[in-house]
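This is what each chain is made of:
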Amino acid sequence: PSLAHQTRRPPGWPEHSRRRRMASPGAGVVYGQLQDAATSRSSAGRGMAGMQEGLLAAKTWAPERNLDAFCTKVYNYYVEKGFWCIVLSRITNLVNLAFTILFSTFLLLFVDWSAVVRCNEHSCEHLLRQDVLENTTFGEGVVIMYFTIFSLYWVWSFIGFLFTLRDSHEMYEFYTERLNIRDDELPMLKWHQVLDKLVGIQDHVKICIIKNLDSLDITNRIMRKDNYMISMVNAGIFKISALCLDEHSGVFGKTLEWNIRALILDSMFDDNFSVKRFLDPLAHEQLSENLQLKNGMVRLRHKLMVMGVINFLFMPFILVFMTIYFFLKHFEELHSKTSDLGPREWTCYSRWHLREYNELPHFFEKRLRATHKPSQ
C-alpha cells in the first residue's frame, strides 16, 4: 500500500495522532536502517580481519644468519612430516634407548648366568643375584661404568631432544604462517611444491639479505656437507682395508662416518660458509702457503689421534650395547629367517659411492628401495 493509504486518518481519530503517524518512519525505513547497521558491522568485522592479516603479512621474518642450518631444518621438517611426527619419533627413540640401557644392565649385572646354564626341569632357582652392589667385583664395576656412560648419553640425547623441539616449533610456525602449509597437508605434497613456495615468499619474507634464493641455492645449502663426502668417497680418499677385507666390505661404517663428520665436515666451514684455509682457523695470509698447509696437517693429525683414542676406550661398551640393541631390534626377523644374519642392506661405503651430487636423502632412499627386490 502507498504511504498515503498507510497514513490516511480513520474516522474519529484526532488530528494530532494523524500528524504523529505521518512524522514517524515507516516499517520499510526502519528495516532499511537495521540492514544498513548490520552491513556496517559486518564490514567492520571484515575490516578488522583484513587488518589482522595485513599486520601478520607485514610482520617480517628476520633474515637467517646460518642459511645452511635453516634450509636443512625446513627440509627435515618436510621429510619427517610435521611437528607431532617429529616429537613422537624422538620420544620413541628416547624410550627405546632407556629400555635398552636398563635391560642390558639388568642382564649383565643381576642375572646369574651360571645358574641359568644349570637350570633344568627339576631345578631352576636363584637365577637372580642378591646384594650385587654390596660386594662389587671388577666385572660388575665395568657393568656399572657401562650403565653410567650410556646414562650420560641418554641425558645428552634428551638435551638434544629439547633443542629439536624448539627448532620444530619454529618450523611449525614458519610452515603455517609463511608457507601456508598445515601439517596434515605435508604427506600429500611433493618436495618441489614446498620448494616453490619457499622461493615464492621471498618477495615479502627475507631469508637471505644478499639475494633471493632459488631452488638450486637451497638444495646446495642442504647438500653442502654431503656433496663433500660424496666427492671424497669418489676420489678414493676412504679406501680403507683391514685384514682380508676390502673397502667395500663395510669397514667404512657408521662409526667411521660419524667421526669424519665430527672431525672434518663440521669444522671445515667458517661463518661465511667458505672452506677454512687448510682446516686451520689460526691460519693467516702473512704465512706462506706451505706453512699453512703444514699447520693444518698437524692439527688434523692431532684431532684424528685424539678421536682414535676416545673410540678405542669406548669401543667395548659400544660393542656390547650395539649387539644387544641389534638382537632386540631384529629378533623376530632372525627367528623367522634363520638363513640371514640380519636384514639385507647396502653398506655405508656403497651408499656414498652410489649417491649423486645434490641428491636429497629421500630421493636417494627411494632409488635404493627399488633395488631391494632384485637383490633378493
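Before reading on, note that the structure itself is shown above.
The rules behind the values
- Residue positions are given per chain, counting from 1 as you read along its sequence in written order.
- For a predicted model such as this one, the threshold for reporting local features is a pLDDT of at least 70, and the threshold for listing and counting side-chain atom pairs is 80 or more; totals across whole chains, interfaces and linings nevertheless cover every residue.
- Based on all heavy atoms of the structure, the side-chain values leave hydrogens and waters out of the count.
- To get an axis, a line is fitted to the C-alpha atoms, and for a helix only the part in contact is used. The angle between two axes follows their N-to-C directions and goes from 0 to 180 degrees.
- Helix and strand assignments come from DSSP, with helices taken as H or I runs of at least 4 residues and strands as E runs of at least 2, each series counted from the N terminus.
- Working definition: roughly parallel below 35 degrees, roughly antiparallel above 145 degrees, roughly perpendicular at 65 to 115 degrees, and oblique for all remaining angles.
- We call Asp, Glu, Lys and Arg charged. Ala, Val, Leu, Ile, Met, Phe, Trp, Tyr, Cys and Pro are nonpolar, and the rest, Gly among them, are polar.
- Put simply, a nonpolar core is a bunch of buried Ala, Val, Leu, Ile, Met, Phe, Trp, Tyr and Cys residues held in one set by side-chain atoms that sit within 4.5 Å of each other.
- For every residue, the accessible area (1.4 Å probe, protein chains only) is compared with the maximum for its type, and the residue is labelled buried under 20%, exposed over 50%, or partly exposed between those bounds.
- Should any heavy atoms of two residues lie within 4.5 Å, those residues are considered in contact.
- When a carboxyl oxygen of Asp or Glu lies within 4 Å of a side-chain nitrogen of Lys or Arg, that pair is called a salt bridge.

### Section: the packing of helix α5 (residues 83-109) against helix α7 (residues 138-178)
Two elements in contact, α5 and α7, have axes separated by 10 Å at closest approach and are oriented at 175°. Here α5 lies roughly antiparallel to α7, going by the angle between them. Here the residues of the contact of α5 with α7 sort into 22 nonpolar, seven polar and two charged.

### Points about the nonpolar core
In this structure, Phe174, Tyr175 and Trp191 are the most contacted members of the largest nonpolar core, which totals 48 residues. Breaking this core down by element, the ones donating at least two residues are α4 (67-79), α5, α7, α8 (191-200), α9 (215-222), α10 (224-234), α11 (254-263) and α13 (348-354). The greatest single-element share of this core, amounting to seven residues, is contributed by α4. Those residues in contact with Trp191, other than ones at most four positions away along the chain, are Val74, Tyr75, Tyr78, Ile222, Leu360, His362 and Phe363. Core analysis: the second largest hydrophobic core is formed by six residues, Ile101, Tyr146, Phe317 and Phe321 among them.

### Quick look at the pattern of salt bridges
This model, assessed by the stated rule, comprises 17 salt bridges. The partner of Arg224 in a salt bridge is Asp68, with the nearest N and O atoms 2.5 Å apart. A residue pair is termed long-range when its members are at least 10 positions apart, and Arg224 in helix α10 and Asp68 in helix α4 qualify at 156 residues. Accessibility expressed as a relative area gives 18% for Arg224, which makes it buried. Notably, a salt bridge pairs Glu140 with Arg129, separated by 3.4 Å at the nearest N-O pair. Residue Glu140 is located in helix α7, and its partner Arg129 is located in the loop between α6 (113-118) and α7; the two are separated by 11 residues in the primary sequence. Looking at Glu140, the relative accessible area reads 9%, which means it is buried. A residue is classified by how much of its surface remains accessible, and Arg129, at 28% relative accessible area, is partly exposed. One connected set of salt bridges, linked through shared partners, spans Asp226, Lys254, Glu257, Arg261 and Arg355.

### Focus on unusual backbone geometry
A positive phi is found at Lys81, a non-glycine position, where the angle reads about 65°. Checked against the element boundaries, Lys81 lands in the loop between α4 and α5. Phi is positive for Asn180, close to 55°, though the residue is something other than glycine.

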